Amino acid sequence: MLRACLPTLLLCLAGALAGLVTAHFVPVPLRDPQQCLDRTQLRLTEPRTVSPTQWLSLPRWHADFDLHCDLELGEHTELDFVLRQVEPRQFGIELPQFHGRFAVLRLSGAADGPAFLDREAALERIGQGGLRLSPGVLATVSVQARGRMVRANVAGRWTPWQRTDDGHGMTTLIARGGPAVVHRLTIQNYGLPGAWRWHAGFWSALGALAGLFQALVVRAGGQFAAAAGTLATAWLLGAVLPGLPLAWPELPAMAAALAVATLVGLLVAPGLGRARPLVALALVLLAPHLGALLPAKTPRLDALFGPQSGAMPSEALAQRVRGPFAVHVPDGKAPVVFLLGGQQLYDRGGPAEHVEALLVGELRGRRRGPVEVPCLPTVDGFGPQQWSLFERFYRGYRPAVLVFGVGRDELALAGGRPRSSPALLAAALAAARQYCAQHGASLVLCSDGDLPAAVRAVLAAVPEVPWVQWPHGATPQQCALQLAEVVAERLPKVQ
């Protein structure tokens, strides 16, 4: 009796193991929702001002929730509710890197526009309006978030349900153009309904049922081949389909992966007979569903921010620049020296050896007054990209000095072709010169000393602009000192 049951047990065991492999599409930090999701309710009763220099961040991760608030907008204010905000976060020793994901509910006191925007649209449509509210008039805003679907009721008007990339995340309020006052805000937290659906035990049981189905179909002698094919396919899919970082996978896609492993096990088993074409057809129909387990391609974000830019997209909405020791905002309290060029040019060691930090010290000492030195946190920047970022997101800083930095890798390959060119660099420099002339700012060029000849020729052709060249092997302190000597004399005098 036991010997007769062994083939069935083998297939059920193989299916259970395939289910465990499928469950591993859930990233390690998310396998215990009780640990990664906030379970408390939130209530803010004191008025909070959200302004271009001060956002309101609710840094806890919520799954399903209802948000209710009363707010009023300034006349020219554009207010973003950044929803389902998932960005790199440290879990133990693991710090996954990816582009931060979010959706935006945009309200405006100035112009009509779409209410809900995905990440790319939110970045591209800054200043173009949102759901219109009367300035200075108290309005009630409610947001319902259920899984990957969200909708809002703004001043009695419901928006349609909108799909987001994630079914969890933070919420942040960002204002541009003027202030908004949040008089009351509550979040009713409903947790993660049906959390068991991502649990390893559930998928292991589902896999065992799939193995039982195989046992009913596979003929005697083919059980070992079916078990081996199921396990091998499950392992291969787990290796080549990484899923979205810090995201619960879509359940239909996980089910499709387990079904594909089960069907491949049937397909490789001998004696399937006339059912083989039907199994092959089922595999063809299921294959497209596996695409949801692959990270979406983001060519526009890669070109704009560089790959795996973390929190930079959401911080760009708020004109925030994260430095080695501070997060900069355009508060107008001190003259600004804005560094374009990226971290490969300015980050020369630990935080204390970053040119931004060293230059702040040098300039404050020489000027005997405050000065801000924001440096774009792009890991691998190049000239046209850096100028595009400044022009689109960071004009509000109104720098007294704009330092246009160019590294030795300006013409490096990206996707098999140069990401920049002498012509594109020259166009970016011309636009920077025009901006500085229109806004009374000083332009300073800065570069590594060992530039390619074509790049050096472009910089040398820029007339009447000082050019700081760092020799190969210069220490961070020497770089900051050399740059400070040129920049300090172009800053306004302390009154």
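For the structure itself, consult the block above.
First things first, this report covers the structure right here in the doc. Being a predicted model, the structure only gives us computed values, none of them experimental.

Details of the pairing of strand β10 (residues 149–154)
Where strand β9 (residues 139–146) lies against β10, six bridges are found, and the strand directions are antiparallel. Paired with Val-143 across the bridge in β10 is Ala-152. Looking at chain direction, β10 and strand β12 (residues 162–163) are connected through two bridges and run antiparallel. Across the sheet, residue Met-149 finds its bridge partner in β12, namely Arg-163.

Points about the nonpolar core
Residues Phe-305, Phe-338, Trp-387, Tyr-394, Leu-402 and Phe-404 are the most contacted members of the largest nonpolar core, which totals 44 residues. In terms of residue count, helix α13 (residues 422–439) provides more of this core than any other element does, six residues in total. With residues near it in sequence (within four places) discarded, Phe-404 still touches Leu-340, Gly-383, Trp-387, Leu-425, Ala-428, Leu-429, Ala-432, Leu-443, Val-444, Leu-445 and Cys-446. Counting 32 residues, the second largest nonpolar core, distinct from the first, contains Leu-105, Leu-107, Leu-133 and Ala-175.

Concerning helix α6 (residues 251–268)
One turn of the α-helix equals 3.6 residues, which is why residues spaced by three or four share an orientation. Helix length check: α6, at 18 residues, gives a terminal C-alpha distance of 26 Å against a target of 26 Å (1.5 Å per residue), a fit within 8%. Among the residues of α6, those classed as buried are Ala-253, Met-254, Ala-256, Ala-257, Leu-258, Val-260, Ala-261, Thr-262, Leu-263, Val-264, Gly-265 and Leu-266.

What about the packing of aromatic side chains?
Taken as a whole, this structure holds 13 aromatic pairs when the rule is applied. When the ring of Trp-196 is compared with that of Phe-202, the centres are 5.2 Å apart and the planes differ by 75°; the resulting orientation is edge-to-face. Looking at Trp-196, the relative accessible area reads 55%, which means it is exposed. Aromatic side chains Phe-390 and Tyr-435 sit 5.3 Å apart centroid to centroid with 85° between the ring planes, which places their arrangement in the edge-to-face category. Residue Phe-390 is found in helix α12 (residues 383–393), and its partner Tyr-435 is found in helix α13; the two are separated by 45 residues along the sequence. The class for Phe-390 is buried, based on a relative accessible area of 0%. According to the relative accessible area criterion, Tyr-435 is buried, its value standing at 3%.

Looking at the sheet that holds strand β22 (residues 467–470)
A sheet is described by the order of its strands in space; here four strands give the open sequence β17-β18-β21-β22, paired in parallel fashion. Each end of this open sheet is capped by a strand with a single partner; those strands are β17 (337–340) and β22. Taking each pair of neighbouring strands and ignoring which way they run, the sheet shows an average axis angle of 20°. Alignment of strand β18 (residues 401–406) against strand β21 (residues 442–448), held across six bridges, turns out to be parallel. The residue bridging Gly-405 from the neighbouring strand is Cys-446, located in β21. The strands touched by α13 are β18 and β21; relative to β18, the strand with the most contacts, the crossing angle is about 170°.

Digging into the packing of α6 against helix α7 (residues 276–286)
Across the interface, α6 lies against α7 with an axial gap of 10 Å and an inter-helix angle of 155°. Here α7 runs roughly antiparallel to α6, going by the angle between their axes. The handedness of the crossing between α6 and α7 comes out as left-handed. Between α6 and α7, the residues in contact are Ala-256, Ala-259, Val-260, Leu-263, Val-264 and Leu-267 and Arg-276, Val-279, Ala-280, Ala-282, Leu-283 and Leu-286, respectively. Here the residues of the contact of α6 with α7 sort into eleven nonpolar, no polar and one charged.

Here's the deal with the environment of Gln-344
Relative to the assigned elements, Gln-344 resides in helix α10 (residues 343–346). Taking the relative accessible area as the measure of exposure, Gln-344 reaches 49% and is therefore partly exposed. Residues in contact with Gln-344, not counting those within four places in the same chain, are Val-379, Asp-380 and Asp-409.

A word on the pattern of salt bridges
Two side chains bearing opposite charge may form a pair once their charged atoms approach each other closely. As enumerated under the stated definition, the model contains 19 salt bridges in all. As a salt-bridge pair, Arg-146 and Asp-66 come within 2.9 Å of each other at their nearest N and O atoms. Taken together, the positions of Arg-146 in strand β9 and Asp-66 in strand β4 (residues 64–73) put the pair 80 residues apart, joining distant regions of the chain. A relative accessible area of 31% means that Arg-146 is categorised as partly exposed. You can call Asp-66 buried: its relative accessible area is 10%.

Overview of helix α11 (residues 355–367)
The end-to-end C-alpha distance of α11, which contains 13 residues, comes to 17 Å, matching closely the 18 Å that a straight helix rising 1.5 Å per residue would cover. Residues Val-355, Glu-356, Leu-358, Leu-359, Val-360, Leu-363 and Arg-367 constitute the buried set of α11. Those residues of α11 hidden inside the fold are in contact with β16 (327–328), β17, α10, β22 and α15 (476–487). Two residues or fewer after α11 comes Arg-368, characterised by a positive phi angle close to 55°.

Here's the deal with the packing of α11 against α15
Pairs of packed helices are described in terms of their axes, by the angle between the two and the distance that separates them. Interaxial distance between α11 and α15 falls to 9 Å at its minimum, and their mutual angle equals 45°. When the axis of α11 is compared with that of α15, the two are oblique. By crossing handedness, the relation of α11 to α15 is classed as right-handed. Residue-level inspection shows Val-355, Leu-358, Leu-359, Glu-362, Leu-363 and Arg-366 of α11 in contact with α15, the latter providing Pro-476, Gln-477, Cys-479, Ala-480, Leu-481, Leu-483, Ala-484, Glu-485 and Val-487. For the contact of α11 with α15, the residue count by class is eleven nonpolar, one polar and three charged.

Scoring rules and cut-offs
Residues numbered from 1 in each chain as written. Predicted model: local features only at pLDDT ≥ 70, side-chain atom pairs only at ≥ 80, totals over all residues. Heavy atoms only, no water. Pairing = 2+ DSSP bridges. Helix = DSSP H or I, 4+ residues; strand = E, 2+ residues; numbered from the N terminus. Core = buried A, V, L, I, M, F, W, Y, C linked by side-chain atoms within 4.5 Å. Buried < 20%, exposed > 50% of the residue type's maximum accessible area, 1.4 Å probe, protein only. Contact = heavy atoms within 4.5 Å. Expected span 1.5 Å × (residues − 1). Phe/Tyr/Trp six-rings, centres within 6.5 Å; stacked < 30°, edge-to-face > 60°. Axes fitted to C-alpha atoms, helices over the stretch in contact; angles between N-to-C directions. Parallel < 35°, antiparallel > 145°, perpendicular 65-115°, else oblique. Left-handed = near helix turned anticlockwise from the far one by under 90°. Nonpolar A, V, L, I, M, F, W, Y, C, P; charged D, E, K, R; others polar. Salt bridge = Lys/Arg side-chain N within 4 Å of Asp/Glu carboxyl O.

Bear in mind that shape data such as this cannot, by itself, settle questions of function.
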